[in-house]
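Overview (structure and organization)
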2 protein chains.
Amino acid sequence: MNLPCKIVLVMLFLTIGAKAQKKPVDYVNPFIGTSNFGTTNPGPIAVRGMVNVSPFNVAGPENLPLEKDSRWLSTPYVHENSFLTGFSHVNLSGVGCPELGVILAMPTTGALKVNHLDYGTTYSEEVSKVGYYSNFLDKHKVKVEATATTRVGVSKYHFPKGEANILINLGLGLTNEQGASVKVVSPTEIEGVRTVGSFCYYKPEEAYPVYFVARFSQAAKEFGVWKKPTTYKGAEAEWMGYNGKTRKMPGYKAVVVGDSIGSYMRYKFDEPTVVEMKIGVSYVSIENARENLEKETSTRTFDQILAEAKANWNSYLSKIEVEGGQEEDKVKFYTALYHTLIHPSTLNDVNGEYPKMKTRDVLKTEDTRYTVFSLWDTYRNLHQLMSLVYPKQQSDMVKSMLQIYDESGWLPKWELNATETTTMVGDPAGIVIADTYLKGITDFDIEKAYSAMIKSADQIEGNPLRPGIKDYLEKGYLTTKTTNSGSVSTTQEYNISDYAIAQLAKSLGKKEDYKRFSKRAISYRKLFDKEYNLLRPRNDDGSWLTPYNPESGANFEKNLGFIEGNAWQYSFMVVHDTKGLMRLMGGGKAFTDRLQDVFDKGQYDMANEPDIAYPYLFNYVKGQEGRTQEKVSELLDTYYKNAADGLPGNDDTGTMSAWAVFSMMGIYPVSPANPIYTITTPKFSKITIHLDTDYYQQEKLTIQANLSEMNKRIQSISVQGKSHNSYFIPHDKLVNAKLLEFKLK
Amino acid sequence: MNLPCKIVLVMLFLTIGAKAQKKPVDYVNPFIGTSNFGTTNPGPIAVRGMVNVSPFNVAGPENLPLEKDSRWLSTPYVHENSFLTGFSHVNLSGVGCPELGVILAMPTTGALKVNHLDYGTTYSEEVSKVGYYSNFLDKHKVKVEATATTRVGVSKYHFPKGEANILINLGLGLTNEQGASVKVVSPTEIEGVRTVGSFCYYKPEEAYPVYFVARFSQAAKEFGVWKKPTTYKGAEAEWMGYNGKTRKMPGYKAVVVGDSIGSYMRYKFDEPTVVEMKIGVSYVSIENARENLEKETSTRTFDQILAEAKANWNSYLSKIEVEGGQEEDKVKFYTALYHTLIHPSTLNDVNGEYPKMKTRDVLKTEDTRYTVFSLWDTYRNLHQLMSLVYPKQQSDMVKSMLQIYDESGWLPKWELNATETTTMVGDPAGIVIADTYLKGITDFDIEKAYSAMIKSADQIEGNPLRPGIKDYLEKGYLTTKTTNSGSVSTTQEYNISDYAIAQLAKSLGKKEDYKRFSKRAISYRKLFDKEYNLLRPRNDDGSWLTPYNPESGANFEKNLGFIEGNAWQYSFMVVHDTKGLMRLMGGGKAFTDRLQDVFDKGQYDMANEPDIAYPYLFNYVKGQEGRTQEKVSELLDTYYKNAADGLPGNDDTGTMSAWAVFSMMGIYPVSPANPIYTITTPKFSKITIHLDTDYYQQEKLTIQANLSEMNKRIQSISVQGKSHNSYFIPHDKLVNAKLLEFKLK
């Protein structure tokens with residue numbers, strides 16, 4: 001099956017759907033982001049679900065070059081691949097490192113084959129909607145349908161007459177961790193454990209288990225397990241006729257342990273038969289996986305579960321209603337909003353239990369314990385979107401961060417299923433906490449949060465969040481000696497975190513801290529090199545890194561000063577001190593020119609976080625706001641598409657999507673921890689945000705614009721009918737505005 | 001530590017013990033059989049215990065040439081080895097194939113090291129008594145003591161001041177199966193699973209788990225797990241700085257799964273400290289392992305457990321009391337009796353649960369479910385000893401065989417922990433059942449047993465117990481085409497099984513079967529070749545295998561006609577038809593001459609089963625009985641010693657030991673399924689067998705002989721004072737004899 005065909009099917013669905021009254025949920029195209037390294041997948045998932053039933057098509061030479069073992073590949077599904085080897089039940093969406101992609105289920109027909117290269121198949125008739133995925137497995141003539149609750153994947157296998165098998169393959173997976181155990185409990189139930197971890201090929205000592213229970217609507221005629229053991233060498237190998245060969249163990253009811261194992265249910269059908277399979281998952285225990293399965297799906301049919309999933313998604317997506325504008329933009333918008341509601345996702349079981357950070361003791365929570373905190377990405381906009389539209393979720397996310405602090409002694413950086421992967425640089429959690437608090441979402445222990453922020457800001461020794469802090473505090477920046485990767489970037493990140501602390505300190509009446517951290521927050525200025533009008537790494541002795549090429553570092557090229565970027569992509573990432581940067585550069589004009597250079601010289605990278613606020617920075621210079629409007633619109637049209645490659649790149653757990661959601665609404669939280677939005681032309685003529693009255697006074701905020709093919713630039717802005725003479729609007733004002741109106745020209 | 005030193009220590013213990021009134025238990029030297037491939041081990045075990053805490057000294061190059069990975073090695077302990085890497089908690093005794101030898105615990109001191117080659121050590125001050133083992137780990141300065149209940153190993157580690165560790169290594173093991181899972185439950189408890197199986201490098205698809213729970217008397221200061229993952233190759237390996245390296249996971253409380261994993265408890269002691277560790281085992285579940293631990297040891301101290309183990313052993317060993325004779329012979333006798341009370345061993349948990357054959361569903365038993373049925377060995381004498389001295393155990397063993405039949409559809413051949421290893425040839429279970437029943441032990445379902453025996457005797461297709469049965473039934477023998485290994489041996493084995501059916505049929509009044517199987521039982525005669533006066537393989541067309549060398553096949557050399565032996569070692573293995581064989585050979589004199597030839601030509605193998613009844617066959621020829629007495633005495637003196645190499649070879653789960661027990665008592669069950677004993681000179685002047693009055697009418701049987709340096713040959717035999725003019729005595733007569741007296745000359 002090739003790409004255009006898939007797209008056609010999606011379009012077909014959208015076209016058909018359009019005849020009825022379309023709901024937000026009907027606009028979502030889960031194929032968006034499944035190519036171009038977007039690393040989203042089209043499998044069903046509940047809002048912030050623990051489980052996601054993704055087609056798995058990244059194993060086997062048929063999928064080269066996008067094959068999981070031949071390269072760095074961080075998704076269970078690639079749209080242009082064609083060889084499917086199962087459906088994985090725990091997956092990450094929009095991440096850059098291989099992890100999860102395990103508990104692979106696969107329906108097959110004919111004789112029992114347990115090697116995925118043998119039973120793998122091409123597929124066709126692929127359909128993906130919110131909470132629903134379906135395809136047809138060509139080799140096996142099996143139609144597959146899947147949906148999901150928060151913690152349970154539910155699949156329907158339409159088998160033809162004859163021999164049929166359902167495989168649970170625990171050897172195969174996207175993660176590079178191995179090790180599993182499995183046990184057939186009865187002809188209708190299988191339970192097991194799979195080891196996952198080593199996200200970004202790092203911290204293998206925090207590898208961890210994911211537990212599952214699989215239930216089948218039909219009792220198997222035969223069942224069993226298989227194991228491919230490690231191949232022996234040496235004297236013993238001579239006597240082992242079975243050395244390294246896969247062994248099948250029919251009827252076996254005890255636990256089987258190994259790296260490459262699986263379990264199967266076998267049937268022989270006299271007529272075409274549907275088997276429904278439910279897989280409950282837990283990060284605590286098999287017992288909890290079973291309880292999750294029972295509590296979330298016990299008496300419900302596939303169709304009921306699907307209907308509930310869809311209704312729940314719709315209620316979330318409907319928090320923002322859009323009218324006017326292009327149909328395609330509505331698809332882009334709701335799909336982006338959908339992507340922001342996947343991660344952070346749910347870690348705790350229905351009974352509230354979840355694993356403690358690192359040691360994995362069993363703890364219990366009242367609220368949702370969220371996980372998958374890719375904070376280097378999400379501190380920039382995703383949490384700001386949550387604070388505005390889903391403040392209860394955002395509050396629980398902050399509470400989860402504080403649980404992580406309680407458990408590990410540190411706030412999260414890149415937390416994943418109760419492990420701290422310490423991926424990327426900076427100390428971003430505090431930025432999110434400050435931003436949240438300053439927006440009036442205060443139902444969490446702010447003193448504890450503040451202490452946690454101060455701890456990582458001040459502790460010199462053994463500080464996992466701020467490596468290089470000694471130099472940072474002494475010199476104001478990290479040097480090329482402090483770190484061989486990203487001395488400038490890291491300095492900037494610490495500056496932003498310090499700015500967040502300062503803002504929070506101010507709000508909490510901690511004047512000394514406010515002063516101290518306000519000062520620390522602008523130390524990046526010492527890295528500003530007038531020669532290039534850009535930031536530049538300094539050596540340990542204070543001298544500039546020489547020779548110096550500000551272009552180097554793009555496209556993940558190794559760079560001493562910048563991580564995942566170069567001087568162009570980072571120099572403006574000091575939004576909290578844009579005025580200061582402007583002065584360093586020589587004023588508004590020089591600033592605007594240099595900013596324009598980034599785009600003109602092709603240095604702007606829409607796919608990576610450091611520069612994603614850049615298009616909005618023109619707003620800081622009076623009279624240049626049109627450039628923001630033009631650039632944002634252009635970027636939305638260029639990089640965001642109703643297509644598999646419709647994301648600029650990795651979705652970064654929803655950060656790229658959050659950028660689109662805000663940008664299409666005409667507001668953007670340009671400066672994290674500063675509760676303001678900056679303004680651009682919206683993509684719809686009317687946007688209604690239904691506010692959560694537990695947190696906000698107004699029931700809704702409406703954004704209106706006289707959008708048309710002719711009217712694209714903002715002429716004037718009004719708030720509740722009163723003229724608003726700024727391209728910035730404070731959060732407080734916005735959520736009480738009721739109506740934000742743009743007059744376009 | 002070298003061999004002589006160890007022996008001296010044992011001798012020392014025996015000498016000291018001799019001063020007090022010595023009980024049977026005090027005569028046992030568990031080092032006997034730990035060299036010369038006896039494959040017993042000196043670790044503590046309860047009577048027919050599931051658990052056995054064996055020092056494990058077969059890993060690491062220090063132990064070459066008797067190193068487990070460099071050769072076929074079937075024991076966790078070799079007396080002459082010196083490098084110890086732990087204490088394994090489930091082990092087989094006296095078997096010829098590597099299996100079990102897992103759940104390895106090891107106390108170490110200093111920094112935590114988890115590679116057995118690093119923490120392994122020499123040892124000294126080795127002591128082994130019934131139910132007790134102790135040594136001193138030279139490198140770690142730790143004295144280890146161990147004892148055991150039926151299902152729990154109990155160890156005492158005497159740590160010096162300083163850092164101490166207790167490792168549970170689930171990677172290392174004697175078995176060639178791999179795969180384990182482990183979880184630290186608390187600072188005083190670890191639970192886990194280890195995969196075992198593939199006995200004799202065969203039937204890997206029946207590999208199975210053994211579960212354990214380890215409890216520690218002191219809470220660990222630190223604990224954790226380790227894992228050495230499989231080494232990756234290819235693109236991904238580049239990014240894995242940790243590729244293939246062992247990782248330690250301190251404080252980790254979730255389950256860890258893998259081939260090479262373990263768990264540790266760490267301490268820091270201010271003064272020398274004793275930590276007691278109990279490891280409960282189960283073949284059903286972790287929960288059962290925990291229950292076994294609690295029920296069997298909960299409130300008892302090490303010393304109490306040891307005292308109970310010793311008392312229980314003594315009560316079993318005291319069923320036979322010996323007086324007079326050499327002290328050394330008492331050591332040999334009681335150690336042999338001890339070895340017959342190890343296997344078959346206990347499979348069920350304290351709650352009665354045990355795994356079903358092959359599929360491992362959980363079943364429940366009222367009586368003991370025994371396991372480790374090495375029936376090709378034990379049908380010859382071990383079960384006869386049980387029937388005479390421990391008839392309740394023998395009855396339960398038969399019941400266990402019938403459970404195996406119920407569960408698998410077939411009687412056992414070489415059953416091991418609910419797997420049928422199908423090792424060796426023949427269909428021996430029925431011989432044991434018939435022998436038992438014909439001795440008056442009838443409290444089992446004889447009709448079911450009979451059906452089971454008939455099934456394997458008659459079923460042509462898919463018969464796992466009697467491969468080649470079609471030729472056997474059609475031609476009377478297997479041919480060189482039927483099997484490439486042991487066509488003659490197998491024919492002989494089937495003959496003996498058929499003889500057993502015939503005898504049982506007769507007893508049950510099944511006359512037709514009696515006739516039919518009596519005829520079948522002597523079909524070996526067709527393989528008698530007058531040219532050699534020995535048995536000889538026939539080809540498919542009836543011709544003799546040519547060329548033919550009757551010597552070939554000894555010492556495990558490949559032989560078309562005979563398994564583990566040659567024509568000399570097998571030709572007389574038709575004791576049920578010794579008269580028939582005699583006729584074939586040309587009468588009593590020719591028979592005696594040919595039998596004497598076996599010994600004179602050095603063809604007699606004391607270490608393997610087929611010919612172990614040979615020394616007794618002289619008794620079948622009037623006037624030649626002195627040869628039996630001379631030969632048996634000589635073999636006992638030559639091959640059985642109070643020394644590590646004090647068994648003729650592999651103990652064959654007690655068969656070699658049972659030979660010694662009977663032979664030293666002056667009676668031998670020469671013809672399986674024929675309830676008679678033949679007679680030789682006993683090694684003691686008075687032997688008292690305390691009979692079980694639930695099965696026998698008399699409370700005891702006394703065997704007396706006027707033994708002296710001068711009196712070695714039997715002059716006359718009397719039963720209860722009445723002259724007995726035969727060197728054979730029926731079981732029935734013996735158990736009612738009260739006194740069997742030999743007048744020696």
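Residues numbered from 1 in each chain as written. Chains lettered and ligands numbered in written order. Predicted model: local features only at pLDDT ≥ 70, side-chain atom pairs only at ≥ 80, totals over all residues. Heavy atoms only, no water.

Going by the annotation in an unreviewed UniProt entry, the name recorded for chain A is Glycoside hydrolase family 92 protein, with Arenibacter aquaticus given as the source organism. The Subunit (unreviewed entry) field of the UniProt record for chain A holds the comment "Monomer." Taken from UniProt, the Cofactor (unreviewed entry) comment for chain A reads in full: "Ca(2+)". (UniProt positions renumbered as here; feature names shortened; annotations may be inferred.)

1. Side note on the state of the cysteines
Covalent bonding between the sulfur atoms of two cysteines is what defines a disulfide. All names here are of chain B. According to the stated counting rule, one finds 2 disulfides over all chains in the structure shown. One disulfide in the model links Cys-97 with Cys-200; its S-S distance is 1.7 Å. Judged by the torsion about the S-S bond (75 degrees), the Cys-97/Cys-200 disulfide is right-handed. Taken as a pair, Cys-97 in the loop between strand S2 (87-90) and strand S3 (102-109) and Cys-200 in the loop between strand S10 (189-196) and strand S11 (208-216) lie far apart in primary sequence, 103 residues in all. The burial state of Cys-97 is the same as that of Cys-200; both residues are buried. (Disulfide = S-S within 2.5 Å. Helix = DSSP H or I, 4+ residues; strand = E, 2+ residues; numbered from the N terminus. Buried < 20%, exposed > 50% of the residue type's maximum accessible area, 1.4 Å probe, protein only.)

2. Description of the interface of chain A and chain B
Contact with chain A, which involves 47 residues of that partner, is made by 46 residues of chain B. Each partner contributes to the roughly 3,900 Å² buried at the junction of chain A and chain B, and carbon and sulfur atoms together form 53% of this total. In terms of surface lost to chain B, no three residues of chain A exceed Tyr201(A), Trp239(A) and Tyr242(A), which account for 15% of the buried area on that side. Here chain A is connected to chain B by 4 salt bridges. Arg247(A) serves as the salt-bridge partner of Glu177(B), at 2.6 Å between the closest nitrogen and oxygen. Taken together, chain A and chain B are joined by 16 residue pairs in polar contact (both at pLDDT 80 or more). (Contact = heavy atoms within 4.5 Å. Buried area = accessible area lost by both parts, 1.4 Å probe. Salt bridge = Lys/Arg side-chain N within 4 Å of Asp/Glu carboxyl O. Polar contact = N/O pair within 3.5 Å; in protein donor to acceptor, adjacent residues only side chain to side chain.)

3. Focus on the UniProt feature "domain: Glycosyl hydrolase family 92 N-terminal" (unreviewed entry) in chain A
In the numbering used here, UniProt assigns the "domain: Glycosyl hydrolase family 92 N-terminal" (unreviewed entry) feature to residues 27-282 of chain A. In residues 27-282 of chain A, the share of helix is 2% and the share of strand is 41%. The end C-alpha atoms are 31 Å apart.

4. Overview of the domain arrangement of chain A
Residues and elements named next belong to chain A. Along its sequence, chain A is carved into domain 1 (31-312) and domain 2 (320-326 + 338-358 + 367-540 + 552-744). Each of domain 1 and domain 2 has a C-alpha centre, and the two are 36 Å apart. Overall, the association of domain 1 and domain 2 removes approximately 3,300 Å² of surface from exposure, summing both partners, and the carbon and sulfur fraction of that is 56%. On the domain 1 side of the contact with domain 2, Ile-32, Arg-48 and Glu-206 bury the most area, a combined 25% of that side's loss. (Domains from an automatic or database assignment.)

5. Details of the pattern of salt bridges
Considering all chains together, one arrives at 92 salt bridges over all chains under this definition. The partner of Lys156(B) in a salt bridge is Asp303(B), with the nearest N and O atoms 3.9 Å apart. Here Asp303(B) lies in helix H5 (residues 302-317) and Lys156(B) lies in strand S7 (residues 152-159), a separation of 147 residues in the sequence. Lys156(B) gets classed as buried once you look at its relative accessible area, which sits at 15%. Shared partners join several salt bridges into a network, and the residues in it are Asp427(A), Asp458(A), Arg466(A), Asp498(A), Asp513(A), Arg516(A) and Arg520(A).

6. Observations concerning the relation of the copies chain A and chain B
The relation between the two chain copies is a rotation about an axis coupled with a shift along that axis. Superposing chain A onto chain B takes a rotation of 180 degrees plus a shift of 0.0 Å along the axis, which leaves an RMSD of 0.0 Å. Interpreted geometrically, this transformation is the action of a two-fold axis. Rotation axis and chain A: the residue whose C-alpha lies nearest the axis is Gly258(A), separated from it by 2.9 Å. When the interface residues of chain A are mapped onto chain B, 98% of them are again interface residues, pointing to one common binding face. (Least-squares fit on C-alpha atoms with pLDDT ≥ 70 in both.)

7. Quick notes on the sheet that holds strand S27 (residues 667-668) of chain B
Residue and element names in this part refer to chain B. The 3 strands lie next to each other as S27-S28-S33, forming an open sheet whose pairing is antiparallel. Looking along the sheet, the strands with just one partner apiece sit at the ends: S27 and strand S33 (728-730). Of the pairings in the sheet, the one linking strand S28 (residues 676-679) to S33 comprises 3 bridges and is antiparallel in character. Bridge pairing in S33 links Thr-678 to Phe-728. (Pairing = 2+ DSSP bridges.)

8. Focus: helix H11 (residues 446-458) of chain A
Helical geometry note: an α-helix holds 3.6 residues per turn, so side chains three or four residues apart project in the same direction. All names here are of chain A. Taking 1.5 Å of rise per residue, the 13 residues of H11 would be expected to cover 18 Å, and the 18 Å separating its terminal C-alpha atoms lies within 8% of that figure. Buried within H11 are the following residues: Ile-446, Ala-449, Tyr-450, Ala-452, Met-453, Ile-454, Ser-456 and Ala-457. Residues of H11 that are buried sit in contact with helix H9 (391-408), helix H10 (429-438), helix H12 (469-475), helix H13 (487-508) and helix H14 (511-520). Put simply, Asp-445 is the residue that caps the front of H11, since its side-chain oxygen is 3.3 Å from the backbone nitrogen of Glu-447. (Expected span 1.5 Å × (residues − 1).)

9. Examining the side chain of Gln629(A)
Structurally, Gln629(A) is set in helix H18 (residues 625-639). Contact partners of Gln629(A), with chain neighbours within four places excluded, come to Thr680(A), Thr681(A), Lys712(A), Arg713(A), Ile714(A) and Tyr727(A).

10. Concerning the packing of helix H13 (residues 487-508) of chain B against helix H14 (residues 511-520) of chain B
All names here are of chain B. Relative to each other, H13 and H14 sit at 160 degrees, their axes nearing to 8 Å. One way to sum up the angle between H13 and H14 is to call them roughly antiparallel. Considering how the two elements wind past one another, H13 and H14 form a crossing that is left-handed. Facing H13, whose interface residues are Asn-495, Asp-498, Tyr-499, Ile-501, Ala-502, Gln-503, Ala-505 and Lys-506, H14 presents Asp-513, Tyr-514, Phe-517, Ser-518 and Arg-520. Across the contact of H13 with H14, the residue classes break down as 6 nonpolar, 3 polar and 4 charged. (Axes fitted to C-alpha atoms, helices over the stretch in contact; angles between N-to-C directions. Parallel < 35°, antiparallel > 145°, perpendicular 65-115°, else oblique. Left-handed = near helix turned anticlockwise from the far one by under 90°. Nonpolar A, V, L, I, M, F, W, Y, C, P; charged D, E, K, R; others polar.)

11. Section: H10(A)
All names here are of chain A. Counting buried positions over the 10 residues of H10 gives 9, a clear majority of the element. Within H10, burial applies to Ala-429, Gly-430, Ile-431, Val-432, Ile-433, Ala-434, Asp-435, Thr-436 and Tyr-437. The inward-facing, buried residues of H10 contact helix H7 (375-378), helix H8 (382-389), H9, H11 and H13. Just downstream of H10 lies Gly-440, where phi reads positive at about 90 degrees.

12. Thoughts on the packing of H11(A) against H14(A)
Residue and element names in this part refer to chain A. Where H11 contacts H14, the axes come no closer than 13 Å and their chain directions differ by 45 degrees. Of the possible angle classes, the one that applies to H11 and H14 is oblique. When the axes of H11 and H14 are compared, the crossing they make is left-handed. From H11, Tyr-450, Ile-454, Ala-457 and Asp-458 reach across to H14, where they touch Asp-513, Arg-516, Phe-517 and Arg-520. By residue class, the composition of the contact of H11 with H14 is 4 nonpolar, no polar and 4 charged.

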